[in-house]
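# Residue-level structural notes
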Amino acid sequence: MSNDKVHQGHRARKRFGQNFLHDDYTIDAIVSAIHPQKEDIMVEIGPGLGALTEPVASQVDKLQVVELDRDLAARLREHPTLKDKLVVHEADAMRFDFSALAQPGRRLRVFGNLPYNISTPLMFHLLETAPQISDMHFMLQKEVVERLAAGPGSKAYGRLSVMAHYYCKVIPVLQVGPEAFKPAPKVDSAVVRLVPHETLPFPAKNLNHLSRVCTEGFGQRRKTIRNCFRNFITPEQLTELGIDPNLRPENLSLAQFVEIANWLTDHQEG
(Lines give C-alpha, C1' and ligand atoms only; values in the text may rest on other atoms or scores of the structure.)
Protein backbone atom coordinates (compact mmCIF):
# COMPACT_ATOMS: atom_id res chain seq x y z
CA MET A 1 0.00 0.00 0.00
CA SER A 2 1.40 3.39 -0.97
CA ASN A 3 2.49 6.04 1.52
CA ASP A 4 0.28 8.36 -0.54
CA LYS A 5 -2.80 6.47 0.59
CA VAL A 6 -5.13 8.91 2.28
CA HIS A 7 -6.48 7.46 5.51
CA GLN A 8 -9.41 9.16 7.21
CA GLY A 9 -8.55 12.44 5.52
CA HIS A 10 -4.92 12.45 6.65
CA ARG A 11 -2.03 11.57 4.36
CA ALA A 12 0.58 9.39 6.08
CA ARG A 13 3.87 11.30 6.10
CA LYS A 14 6.96 9.34 5.23
CA ARG A 15 9.28 11.79 6.99
CA PHE A 16 7.46 11.11 10.27
CA GLY A 17 7.49 7.35 9.66
CA GLN A 18 3.71 7.25 9.96
CA ASN A 19 1.90 3.91 9.72
CA PHE A 20 -1.55 4.07 11.28
CA LEU A 21 -2.90 1.16 13.26
CA HIS A 22 -6.43 0.21 12.23
CA ASP A 23 -6.98 -3.47 13.09
CA ASP A 24 -9.54 -3.75 15.92
CA TYR A 25 -8.28 -7.10 17.21
CA THR A 26 -4.72 -5.75 17.52
CA ILE A 27 -5.90 -2.52 19.13
CA ASP A 28 -7.95 -4.45 21.72
CA ALA A 29 -4.99 -6.74 22.47
CA ILE A 30 -2.64 -3.78 23.03
CA VAL A 31 -5.09 -1.88 25.26
CA SER A 32 -5.69 -5.08 27.23
CA ALA A 33 -1.91 -5.50 27.69
CA ILE A 34 -1.57 -1.88 28.84
CA HIS A 35 -4.55 -2.28 31.23
CA PRO A 36 -4.96 1.45 31.97
CA GLN A 37 -6.37 2.46 35.35
CA LYS A 38 -8.45 5.57 36.00
CA GLU A 39 -5.84 7.42 38.09
CA ASP A 40 -2.77 6.50 36.00
CA ILE A 41 -0.57 9.20 34.49
CA MET A 42 -0.76 7.80 30.96
CA VAL A 43 1.49 9.26 28.25
CA GLU A 44 1.09 8.35 24.59
CA ILE A 45 3.85 8.97 22.05
CA GLY A 46 2.66 9.61 18.49
CA PRO A 47 -1.12 9.20 18.92
CA GLY A 48 -1.63 9.66 15.18
CA LEU A 49 -5.29 9.19 14.29
CA GLY A 50 -6.17 8.02 17.80
CA ALA A 51 -6.45 4.23 17.33
CA LEU A 52 -5.00 3.62 20.81
CA THR A 53 -5.80 7.08 22.16
CA GLU A 54 -9.59 6.66 22.13
CA PRO A 55 -9.84 3.31 23.99
CA VAL A 56 -7.17 4.30 26.55
CA ALA A 57 -8.67 7.77 27.12
CA SER A 58 -12.06 6.17 27.80
CA GLN A 59 -10.54 4.42 30.83
CA VAL A 60 -8.56 7.27 32.41
CA ASP A 61 -9.19 10.78 33.75
CA LYS A 62 -6.51 12.50 31.67
CA LEU A 63 -4.19 11.40 28.89
CA GLN A 64 -0.96 13.21 27.98
CA VAL A 65 -0.05 12.88 24.30
CA VAL A 66 3.16 13.88 22.49
CA GLU A 67 2.61 14.50 18.77
CA LEU A 68 5.07 16.10 16.33
CA ASP A 69 2.72 16.40 13.34
CA ARG A 70 0.92 19.73 13.78
CA ASP A 71 -2.09 18.64 11.70
CA LEU A 72 -2.63 15.59 13.88
CA ALA A 73 -2.09 17.64 17.06
CA ALA A 74 -4.78 20.09 15.86
CA ARG A 75 -7.18 17.20 15.10
CA LEU A 76 -6.71 15.84 18.63
CA ARG A 77 -7.33 19.24 20.23
CA GLU A 78 -10.63 19.48 18.33
CA HIS A 79 -11.68 15.83 18.67
CA PRO A 80 -15.32 15.74 19.87
CA THR A 81 -14.89 12.94 22.43
CA LEU A 82 -11.19 13.34 23.28
CA LYS A 83 -10.51 17.08 23.55
CA ASP A 84 -11.55 17.35 27.22
CA LYS A 85 -9.44 14.37 28.25
CA LEU A 86 -6.25 15.11 26.35
CA VAL A 87 -3.28 17.30 27.18
CA VAL A 88 -1.61 17.67 23.77
CA HIS A 89 2.14 18.37 23.70
CA GLU A 90 3.07 19.37 20.15
CA ALA A 91 6.70 18.30 20.39
CA ASP A 92 9.42 15.98 19.17
CA ALA A 93 9.45 12.96 21.49
CA MET A 94 13.21 12.68 20.96
CA ARG A 95 13.71 16.00 22.75
CA PHE A 96 10.70 15.91 25.08
CA ASP A 97 11.33 15.92 28.86
CA PHE A 98 9.06 13.05 29.93
CA SER A 99 10.21 13.28 33.55
CA ALA A 100 8.46 16.67 33.79
CA LEU A 101 5.08 14.87 33.56
CA ALA A 102 5.72 12.67 36.60
CA GLN A 103 4.30 13.69 39.98
CA PRO A 104 5.58 13.04 43.53
CA GLY A 105 4.88 9.39 44.26
CA ARG A 106 3.26 8.86 40.86
CA ARG A 107 5.27 7.54 37.97
CA LEU A 108 4.37 7.54 34.30
CA ARG A 109 2.87 4.80 32.17
CA VAL A 110 4.08 5.37 28.60
CA PHE A 111 2.78 3.73 25.42
CA GLY A 112 2.66 4.24 21.68
CA ASN A 113 2.93 2.95 18.14
CA LEU A 114 6.43 4.32 17.58
CA PRO A 115 7.66 5.54 14.18
CA TYR A 116 10.17 3.04 12.82
CA ASN A 117 12.62 5.71 11.72
CA ILE A 118 13.31 6.95 15.28
CA SER A 119 12.44 3.94 17.42
CA THR A 120 15.98 2.98 18.50
CA PRO A 121 17.26 6.45 19.53
CA LEU A 122 13.87 7.15 21.14
CA MET A 123 14.24 3.99 23.26
CA PHE A 124 17.62 5.24 24.53
CA HIS A 125 16.03 8.63 25.35
CA LEU A 126 13.18 6.98 27.27
CA LEU A 127 15.48 4.62 29.18
CA GLU A 128 17.15 7.69 30.70
CA THR A 129 13.75 8.56 32.22
CA ALA A 130 13.18 5.00 33.51
CA PRO A 131 13.24 5.99 37.23
CA GLN A 132 10.12 8.15 36.61
CA ILE A 133 8.30 5.40 34.67
CA SER A 134 6.38 2.40 36.03
CA ASP A 135 5.97 0.67 32.65
CA MET A 136 6.10 1.18 28.88
CA HIS A 137 4.20 -0.59 26.08
CA PHE A 138 5.36 0.00 22.52
CA MET A 139 4.55 -1.20 19.05
CA LEU A 140 7.90 -1.44 17.29
CA GLN A 141 9.48 -3.08 14.30
CA LYS A 142 9.76 -6.77 15.23
CA GLU A 143 13.53 -6.63 14.72
CA VAL A 144 13.81 -3.83 17.34
CA VAL A 145 11.78 -5.87 19.86
CA GLU A 146 14.11 -8.82 19.21
CA ARG A 147 17.11 -6.58 19.90
CA LEU A 148 15.51 -5.23 23.10
CA ALA A 149 14.78 -8.73 24.40
CA ALA A 150 17.98 -10.47 23.23
CA GLY A 151 20.41 -12.10 25.63
CA PRO A 152 24.13 -12.94 25.34
CA GLY A 153 25.08 -15.21 22.46
CA SER A 154 22.26 -14.01 20.21
CA LYS A 155 22.89 -12.24 16.91
CA ALA A 156 20.32 -9.62 17.95
CA TYR A 157 22.21 -8.89 21.20
CA GLY A 158 23.83 -5.46 21.20
CA ARG A 159 24.08 -2.09 22.93
CA LEU A 160 20.29 -1.64 22.90
CA SER A 161 19.83 -5.06 24.56
CA VAL A 162 22.36 -4.29 27.31
CA MET A 163 20.95 -0.84 28.10
CA ALA A 164 17.32 -2.06 27.99
CA HIS A 165 18.10 -4.86 30.46
CA TYR A 166 20.18 -2.49 32.58
CA TYR A 167 17.08 -0.37 33.21
CA CYS A 168 14.14 -2.71 32.63
CA LYS A 169 12.60 -6.14 32.53
CA VAL A 170 11.80 -6.71 28.83
CA ILE A 171 8.69 -8.75 27.94
CA PRO A 172 7.59 -9.32 24.31
CA VAL A 173 3.75 -9.22 24.27
CA LEU A 174 2.50 -10.00 20.75
CA GLN A 175 3.49 -10.01 17.09
CA VAL A 176 1.62 -7.92 14.54
CA GLY A 177 1.58 -8.33 10.75
CA PRO A 178 1.75 -5.46 8.22
CA GLU A 179 -1.97 -5.78 7.43
CA ALA A 180 -2.84 -4.19 10.79
CA PHE A 181 -1.59 -0.81 9.48
CA LYS A 182 -2.39 1.74 6.81
CA PRO A 183 -0.19 2.16 4.88
CA ALA A 184 1.10 -1.39 5.41
CA PRO A 185 4.82 -1.37 6.32
CA LYS A 186 7.23 -3.76 4.63
CA VAL A 187 8.16 -5.37 7.94
CA ASP A 188 6.50 -7.26 10.78
CA SER A 189 5.87 -5.44 14.04
CA ALA A 190 5.65 -6.51 17.68
CA VAL A 191 4.49 -5.11 20.99
CA VAL A 192 6.89 -5.07 23.93
CA ARG A 193 6.41 -4.30 27.63
CA LEU A 194 9.30 -2.64 29.48
CA VAL A 195 9.10 -2.58 33.27
CA PRO A 196 11.83 -0.47 34.92
CA HIS A 197 13.60 -2.23 37.79
CA GLU A 198 12.69 -0.97 41.27
CA THR A 199 16.36 -1.50 42.13
CA LEU A 200 18.99 -1.77 39.40
CA PRO A 201 20.35 -5.35 39.44
CA PHE A 202 23.85 -4.26 38.38
CA PRO A 203 24.37 -0.53 39.07
CA ALA A 204 27.02 1.27 37.03
CA LYS A 205 29.12 3.88 38.81
CA ASN A 206 29.27 5.98 35.62
CA LEU A 207 26.72 5.54 32.81
CA ASN A 208 29.03 7.22 30.29
CA HIS A 209 31.56 4.49 30.92
CA LEU A 210 28.95 1.75 30.50
CA SER A 211 27.87 3.37 27.24
CA ARG A 212 31.50 3.54 26.09
CA VAL A 213 32.15 -0.12 26.89
CA CYS A 214 28.99 -1.14 24.98
CA THR A 215 29.76 1.12 22.02
CA GLU A 216 33.39 0.01 21.71
CA GLY A 217 32.43 -3.63 22.14
CA PHE A 218 29.53 -3.85 19.71
CA GLY A 219 31.23 -1.55 17.22
CA GLN A 220 33.73 -4.38 16.67
CA ARG A 221 31.63 -7.39 17.60
CA ARG A 222 33.66 -9.87 15.53
CA LYS A 223 36.79 -9.08 17.54
CA THR A 224 37.60 -10.53 20.94
CA ILE A 225 37.26 -8.23 23.92
CA ARG A 226 41.03 -8.18 24.43
CA ASN A 227 41.12 -6.21 21.14
CA CYS A 228 37.86 -4.24 21.54
CA PHE A 229 38.88 -2.85 24.93
CA ARG A 230 42.64 -2.62 24.43
CA ASN A 231 42.50 1.21 24.77
CA PHE A 232 41.61 1.03 28.45
CA ILE A 233 42.05 -2.47 29.92
CA THR A 234 44.61 -5.26 29.43
CA PRO A 235 43.85 -8.97 28.97
CA GLU A 236 45.47 -9.58 32.38
CA GLN A 237 43.16 -7.06 34.03
CA LEU A 238 40.13 -8.69 32.38
CA THR A 239 41.31 -12.06 33.70
CA GLU A 240 41.59 -10.55 37.20
CA LEU A 241 37.90 -9.59 36.89
CA GLY A 242 37.13 -13.23 36.10
CA ILE A 243 36.34 -12.39 32.46
CA ASP A 244 37.93 -14.39 29.63
CA PRO A 245 39.67 -11.87 27.31
CA ASN A 246 39.08 -14.22 24.37
CA LEU A 247 35.30 -13.80 24.57
CA ARG A 248 33.51 -11.69 21.99
CA PRO A 249 31.34 -8.76 23.15
CA GLU A 250 28.14 -10.63 22.25
CA ASN A 251 29.06 -13.30 24.83
CA LEU A 252 29.31 -10.87 27.77
CA SER A 253 26.42 -10.65 30.22
CA LEU A 254 24.98 -7.36 31.47
CA ALA A 255 26.77 -7.97 34.79
CA GLN A 256 30.11 -8.34 32.96
CA PHE A 257 29.59 -5.17 30.90
CA VAL A 258 28.86 -3.27 34.12
CA GLU A 259 31.87 -4.83 35.85
CA ILE A 260 34.20 -3.65 33.07
CA ALA A 261 32.58 -0.18 33.10
CA ASN A 262 32.99 0.07 36.89
CA TRP A 263 36.62 -1.00 36.58
CA LEU A 264 37.06 1.82 34.04
CA THR A 265 35.47 4.30 36.46
CA ASP A 266 37.79 3.21 39.25
CA HIS A 267 40.90 3.49 37.09
CA GLN A 268 40.21 6.55 34.98
CA GLU A 269 39.04 10.09 35.58
CA GLY A 270 36.02 11.47 33.65
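Residues numbered from 1 in each chain as written. Predicted model: local features only at pLDDT ≥ 70, side-chain atom pairs only at ≥ 80, totals over all residues. Heavy atoms only, no water.

An unreviewed UniProt entry lists the protein chain under the name Ribosomal RNA small subunit methyltransferase A, with Pseudaeromonas paramecii as the source organism. According to UniProt, the comment filed for the protein chain under the heading Sequence similarities (unreviewed entry) is "Belongs to the class I-like SAM-binding methyltransferase superfamily. rRNA adenine N(6)-methyltransferase family. RsmA subfamily." (UniProt positions renumbered as here; feature names shortened; annotations may be inferred.)

A few words on the pattern of salt bridges. Within this structure, the stated rule accounts for 10 salt bridges. For the salt bridge of K205 with D266, the shortest nitrogen-to-oxygen distance reads 2.9 Å. In this pair, K205 sits in the loop between β11 (189-196) and α7 (207-218) while D266 sits in helix α10 (residues 254-267), placing the two residues 61 residues apart along the sequence. Put simply, R221 and E250 hold a salt bridge, and the shortest N to O gap is 3.6 Å. Here the residue R221 occupies a position in the loop between α7 and α8 (225-228), and E250 occupies one in the loop between α9 (235-240) and α10, the gap between them amounting to 29 residues. You can call R221 partly exposed: its relative accessible area is 23%. One network of salt bridges, with partners in common, ties together D40, R109 and D135. (Salt bridge = Lys/Arg side-chain N within 4 Å of Asp/Glu carboxyl O. Helix = DSSP H or I, 4+ residues; strand = E, 2+ residues; numbered from the N terminus. Buried < 20%, exposed > 50% of the residue type's maximum accessible area, 1.4 Å probe, protein only.)

Moving on: the sheet that holds strand β4 (residues 41-45). Taken in spatial order, the 7 strands of this open sheet run β6-β5-β4-β7-β8-β11-β9, and their pairing is mixed. Of all the strands in the sheet, the pair left with one neighbour each is β6 (86-90) and β9 (168-176). Strand-to-strand twist in this sheet, taken as the mean axis angle between neighbours without regard to direction, amounts to 20°. Both strand β8 (residues 133-141) and β11 contribute to a ladder of 6 bridges, which runs antiparallel. By the bridge assignment for β11, H137 is matched with R193. Taken strand by strand, helix α4 (residues 119-127) contacts β4, β8, β9 and β11, and its axis lies near 175° from that of β8. Along the sheet, helix α5 (residues 142-149) makes contact with β8, β9 and β11, crossing β8 at roughly 135°. (Pairing = 2+ DSSP bridges. Axes fitted to C-alpha atoms, helices over the stretch in contact; angles between N-to-C directions. Contact = heavy atoms within 4.5 Å.)

Attention now goes to α4. Of all 9 residues that make up α4, 8 are buried, and the element is covered over most of its length. If you check which residues of α4 are buried, you get S119, T120, L122, M123, F124, H125, L126 and L127. Looking at the buried side of α4, the elements it contacts are β4, β8, α5, α6 (159-167), β9 and β11.

Here we take up the environment of T81. If you trace the backbone, T81 turns up in the loop between α3 (70-77) and β6. Exposure remark for T81: the relative accessible area of 59% places this residue in the exposed category. Separated by 136 residues in the primary sequence, T81 and G217 place their C-alpha atoms 50 Å from one another.

With that settled, consider the packing of aromatic side chains. Applying the stated criterion across every chain, the model contains 5 aromatic pairs. The interplanar angle of 85° and the centroid separation of 5.7 Å between the aromatic rings of Y157 and F218 together place this pair among those described as edge-to-face. Taken together, the positions of Y157 in the loop between α5 and α6 and F218 in helix α7 put the pair 61 residues apart, joining distant regions of the chain. For the pair shown, Y157 and F218 are each scored as buried. Taken together, the aromatic side chains of Y157, F218 and F257 make up a single cluster linked through ring pairs. A cation over a ring is seen here: R159 above F124, with NZ or CZ 4.3 Å from the ring centre. (Phe/Tyr/Trp six-rings, centres within 6.5 Å; stacked < 30°, edge-to-face > 60°. Lys NZ or Arg CZ within 6 Å of the ring centre and 35° of its normal.)

Ranked by internal contacts, the top residues of the largest apolar core, which has 58 residues, are F138, F229 and F257. The greatest single-element share of this core, amounting to 7 residues, is contributed by α10. Sequence-distant contacts of F229, defined by excluding residues within four places in its chain, comprise V213, E216, G217, L252, F257 and I260. By size, the runner-up hydrophobic cluster in this structure holds 25 residues, among which are L52, V60, F111 and A180. (Core = buried A, V, L, I, M, F, W, Y, C linked by side-chain atoms within 4.5 Å.)

Attention now goes to the UniProt feature "domain: Ribosomal RNA adenine methylase transferase N-terminal" (unreviewed entry) in the protein chain. UniProt annotation of "domain: Ribosomal RNA adenine methylase transferase N-terminal" (unreviewed entry) refers to residues 26-198 when read in the numbering used here. Secondary structure within residues 26-198 divides into 28% helix and 28% strand; the distance between the first and last C-alpha atoms comes to 30 Å.

What follows covers the pairing of β4. β4 sits mainly inside the fold: 5 of its 5 residues count as buried. Because side chains alternate across β4, one face comprises the buried residues I41, V43 and I45, and the other comprises M42 and E44, equally buried. Two strands pair when backbone bridges link them, and β4 and strand β7 (residues 108-113) are joined in this way by 5 bridges, in the parallel orientation. By the bridge assignment for β7, I41 is matched with L108. Pairing analysis gives 4 bridges linking β4 to strand β5 (residues 63-67), with the strands arranged parallel. Note that in β5 the partner of E44 across the bridge is V65.

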